[in-house]
Amino acid sequence: QVQLVDSGGGFVQAGGSLRLSCAASERTFSGYTMGWFRQAPGKEREFVAATTWSFVFTHFADSVKGRFTISRDNDKNTVYLQMNSLKPEDTAVYYCAAGRTKIPISSKDNDYYYWGQGTQVTVSS
């Protein structure tokens, strides 16, 4: 059973930073694209960012470009989402996800098969 454990959420003031982590349970994730999605109260889940495991390709939602970066540590089987210049509208539950690699990288949640449990990010104004 493939498992993803995401962590690193918290409470931060606008303009602050947080780093989310997603630890995968299997090294077979070398064939997967790793992504982050988020869901705010009363809203649909939306794509945030993703990277192929080789890190050759990355993709970001327009709303986070220039503020968020994605990286990975293959030795630790972990993907990170560094979030800078946070805004109140970034408040949401953030979910790590893994899916088969497609080029261009998919931003559709139904292309991702495995999901973390979610970590809450709250940005105050």
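Above this note sits the structure.
Residues numbered from 1 in each chain as written. Predicted model: local features only at pLDDT ≥ 70, side-chain atom pairs only at ≥ 80, totals over all residues. Heavy atoms only, no water.

Draft legend 1. Expanded view of the pairing of strand β9 (residues 92-100). Along β9, seven of the nine residues are buried, which leaves the element largely enclosed by surrounding structure. As paired strands, strand β4 (residues 32-39) and β9 are joined by eight bridges and run antiparallel to one another. By the bridge assignment, threonine 33 is partnered in β9 with glycine 99. (Buried < 20%, exposed > 50% of the residue type's maximum accessible area, 1.4 Å probe, protein only. Helix = DSSP H or I, 4+ residues; strand = E, 2+ residues; numbered from the N terminus. Pairing = 2+ DSSP bridges.)

Draft legend 2. A look at a nonpolar patch on the surface. Residues Val56, Phe57 and Ile103 make up a contiguous nonpolar surface patch of roughly 290 Å² in combined accessible area. Tracing the backbone shows phenylalanine 57 in the loop between β5 (46-52) and β6 (58-60). (Patch = residues over 30% accessible without salt bridge, like charges linked within 9 Å, V, L, I, M, F, W, Y side chains within 5 Å. Areas by Shrake-Rupley, 256 points an atom, 1.4 Å probe, with all protein chains shown as cover. Salt bridge = Lys/Arg side-chain N within 4 Å of Asp/Glu carboxyl O.)

Draft legend 3. Seen up close, the side chain of threonine 78. Structurally, threonine 78 is set in strand β8 (residues 78-83). A polar contact of 2.8 Å, which involves the side chain of threonine 78, links it to the backbone oxygen of lysine 76. Sequence-distant contacts of threonine 78, that is, excluding residues within four places in its chain, are made with Ser21, Cys22, Ala23, Trp53, Ser71, Arg72 and Asp73. (Polar contact = N/O pair within 3.5 Å; in protein donor to acceptor, adjacent residues only side chain to side chain. Contact = heavy atoms within 4.5 Å.)

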